[in-house]
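# Structure assessment
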Amino acid sequence: MEKVLVVGAGGVGSVTVTKMAMHPEIFKEITLASRTVSKCEDIAANVKERTGVTIRTAQLDAMKVADTVALIKETGAELLVNLALPYQDLVLMDACLEAGIHYLDTANYEPEDEAKFEYKWQWAYQERFKKAGLTAILGAGFDPGVTSIMATWVRKHKLEGIRLIDVLDCNGGDNGKPFATNFNPEINIREVTAPARHWENGAWVETPAMTHKHEFDFPAVGKKNMYLMYHEELESLSTHFPEIERARFWMTFGDAYINHVTVLQNVGMTGIEPVMHNGQEIIPLQFLKTVLPDPSELGELTKGKTCIGDIITGPAKDGGAEKTYYIYNICDHEECYAEVGSQAVAYTTGVPAMIGAAMVMNGTWREPGVWNTEQLDPDAFMDMLNTDGLPWQVVELDGHPEF
Ligand code: NDP
């Protein structure tokens, strides 16, 4: 395989194609397509300047399956990497099946009018991909993505199984803006305003959004408040690793962020139902996205580090007793900007998408069917994290922390 089509020219897409261009031995021909072609052209110019590689660009409305199929045929792409929005997942999977190529994304499908974060729609494609001899990889960003692959690595090399898992996502960066999200504001706000849910003893436990907080001392970042949230990998991890007793997801937010989201929610600006405004139907959250800073332009302003990883407890490989491991990556916003021109949140998503794509291109992950990342062999992916900008560490803790 040599040719790849990337759909979506946002913060994440920009990092992924830049990193792909740094691996011409894997990605011999790269096409970047998106709704607004000028964004593809700007990214292509940045890629050319940084790497000397020319990538092709194209205008595409991914909601039109026939247009995507035509573009796949024209480019000869063998893998489609979906870095548009979760709303486009199913139509892009349909296009891949029709054109006969492999698929990879970083976020699960959501209907535009419901913030559901469920895999059921994409898992329903299993038989079709299997029958066609094609591979679809779901959720190959950082979380979901690396955090699930880290769990598989710990389960393969350190523990017999996973009893407790806490995914900890800390962004210790500061962009100097009173309020800005680090990736697509619409998706980010849908996530943080949804009720928190975690998996415990075979059932989901639901609590109101942003009510359960805990201070944690993150390596290289320091003490931050993290909040219990629902995140889509909890569904796939608890499905694929049925021994899990408790799975939770935590994300750090500063007080200013929480205050802004609370006010915006109280005044109705985070709503996803259409409202009439001056005779025109608008969706409040989409309007809010229009007036908020564009995350892809925050790179130059953002300083500090991210620290994302898992704390996992389970029976040790070497016999009986339980052990606890903390496996994580630390990423520096300014170093990411110097390397690819983006901040660390786009970088920590875009690099894993490139590595996941490399795994499909080189045949490491080519089993026909629809797979979440924790179902795949982690070793080659984890090696490439170390060589391609997201080195990780694993340390043994003295028991699972109480929080
Ligand atoms: P952006 O909003 O910055 O970029 C999305 C891009 O998709 C834009 O260029 C947009 O075009 C394009 N797009 C939207 N609709 C269409 C369409 N119908 N046809 C073609 N192109 C379209 O988002 P991000 O880069 O921040 O995020 C990209 C994806 O990554 C999202 O799905 C997000 O949920 C996911 N993500 C995953 C993470 C993880 O760790 N797993 C973390 C962060 C993000 P236009 O410019 O015209 O609007």
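Refer to the structure above for everything that follows.
In this convention, every chain numbers its residues from 1, walking through the sequence in written order. Reporting of local features is limited, given that this is a predicted model, to residues whose pLDDT is at least 70; pairs of side-chain atoms are given and counted only at 80 or more, and all residues count toward the totals for whole chains, interfaces and linings. Values reported for side chains reflect all heavy atoms of the structure, with hydrogen atoms and water molecules removed beforehand.

### Overview of the overall build of the protein
Looking only at helices and strands, the protein features 14 helices and 18 strands. Projected onto its principal axes, the C-alpha positions of the protein cover 55 × 55 × 40 Å. Across the 403 residues that make up the protein, the buried fraction comes to 55%. Sequence separation of at least 24 residues holds for 74% of the intrachain contacts in the protein that already meet a minimum separation of 6. The Shrake-Rupley method, run with a 1.4 Å probe sphere, supplies the accessible areas, and residue values consider only the shown protein chains as cover. When the accessible surface of the protein is split by element, carbon and sulfur atoms take 49% of a total near 16,100 Å². Starting at the N terminus, helices and strands are each numbered in turn, a helix being any DSSP run of H or I of at least four residues and a strand any DSSP run of E of at least two. For the exposure calls, accessible area comes from a 1.4 Å probe over protein chains only, and a residue counts as buried if that area is under 20% of its type's maximum, exposed if over 50%, partly exposed in between. Note on contacts: a residue pair is in contact if any heavy atoms of the two residues lie within 4.5 Å.

### Focus on the nonpolar core
Residues belong to one nonpolar core when they are buried, are Ala, Val, Leu, Ile, Met, Phe, Trp, Tyr or Cys, and are joined through side-chain atoms within 4.5 Å. Membership of the largest hydrophobic core comes to 88 residues, with the highest contact counts inside it found for Val4, Met20, Phe27, Val81, Ile165 and Phe253. Per the annotation, domain bounds derive from an automatic or database assignment of domains. There are two domains that each give this core at least three residues, and those are domain 1 (3-138) and domain 2 (146-342 + 391-397). Among residues more than four places away in sequence, those in contact with Phe27 are Glu2, Val4, Met20, Met354, Ala357, Ala358 and Met361.

### Quick notes on the site of the ligand
Only heavy atoms are used to decide nearness, and a residue is near a molecule or strand if one of them lies within 4 Å of it. Of all residues adjacent to the ligand, which total 28 residues, the nearest are Arg35, Thr36, Lys39, Ala62 and Asn184. Under this definition, polar contacts are N or O atom pairs within 3.5 Å; protein pairs additionally need one hydrogen-donor-capable and one acceptor-capable atom, and for neighbouring residues in sequence, both atoms have to be side-chain atoms. With respect to the ligand, the backbone of Phe142 contributes an N or O atom lying 3.0 Å from an oxygen atom. Take Asn184: an N or O atom from its side chain is 2.6 Å from an oxygen atom of the ligand. Burial of the ligand by the protein chains amounts to 93% of its free accessible area of 930 Å².

### Some words on the packing of helix α13 (residues 344-361) against helix α14 (residues 379-387)
Note on method: axes are straight lines fitted to C-alpha atoms, helices fitted across the in-contact stretch only, with angles between N-to-C directions ranging 0 to 180 degrees. Where α13 meets α14, the closest approach of the two axes is 10 Å, and the angle between their N-to-C directions is 135 degrees. Between α13 and α14, the angle is such that the two are oblique. Where α13 crosses over α14, the two elements pack in a sense that is right-handed. Together, Pro352, Met354, Ile355, Gly356, Ala358 and Met359 of α13 and Ala380, Phe381, Met384 and Leu385 of α14 make up the contact between the two elements. The class makeup of the residues in the contact of α13 with α14 is 9 nonpolar, 1 polar and no charged. Small angles under 35 degrees read as roughly parallel and large ones over 145 as roughly antiparallel, with 65 to 115 read as roughly perpendicular and the rest as oblique. Definitions for this section: a left-handed crossing has its near helix turned counterclockwise from the far helix by less than a right angle. A right-handed crossing has that turn clockwise. Under this grouping Gly is polar, as are all residues other than the nonpolar Ala, Val, Leu, Ile, Met, Phe, Trp, Tyr, Cys and Pro and the charged Asp, Glu, Lys and Arg.

### Structural notes on the pattern of salt bridges
The working definition used for a salt bridge is a side-chain nitrogen of Lys or Arg within 4 Å of a carboxyl oxygen of Asp or Glu. Scanning the entire structure with this criterion turns up 15 salt bridges. Between Glu334 and Lys303 there is a salt bridge; the shortest N-O distance is 3.9 Å. Here the residue Glu334 occupies a position in helix α12 (residues 333-340), and Lys303 occupies one in the loop between α11 (284-291) and β15 (305-315), the gap between them amounting to 31 residues. Relative accessible area serves as the criterion here: at 42%, Glu334 is assigned to the partly exposed category. Ionic contacts of the salt-bridge type, sharing partners, join the residues Lys156, Asp377 and Asp379 into one network.

### A word on the sheet that holds strand β1 (residues 3-7)
Only strands that DSSP links by at least two bridges are regarded as paired with each other. Read across the open sheet, the 7 strands follow the order β3-β2-β1-β4-β5-β6-β17; overall the sheet is parallel. At either end of the open sheet lies a strand with only one pairing partner, and these are β3 (56-59) and β17 (369-372). Going across the sheet, the axis of each strand differs from the next one's by a mean of 20 degrees, ignoring polarity. As defined by bridge partners, strand β6 (residues 135-138) adjoins β17 across 4 bridges and the pair is classed as parallel. Across the sheet, the residue bridging to Leu138 is Asn372, located in β17. Sitting on the sheet, helix α1 (residues 11-21) is in contact with β1, β2 (29-34) and β4 (79-82), with an inclination near 170 degrees to β2.

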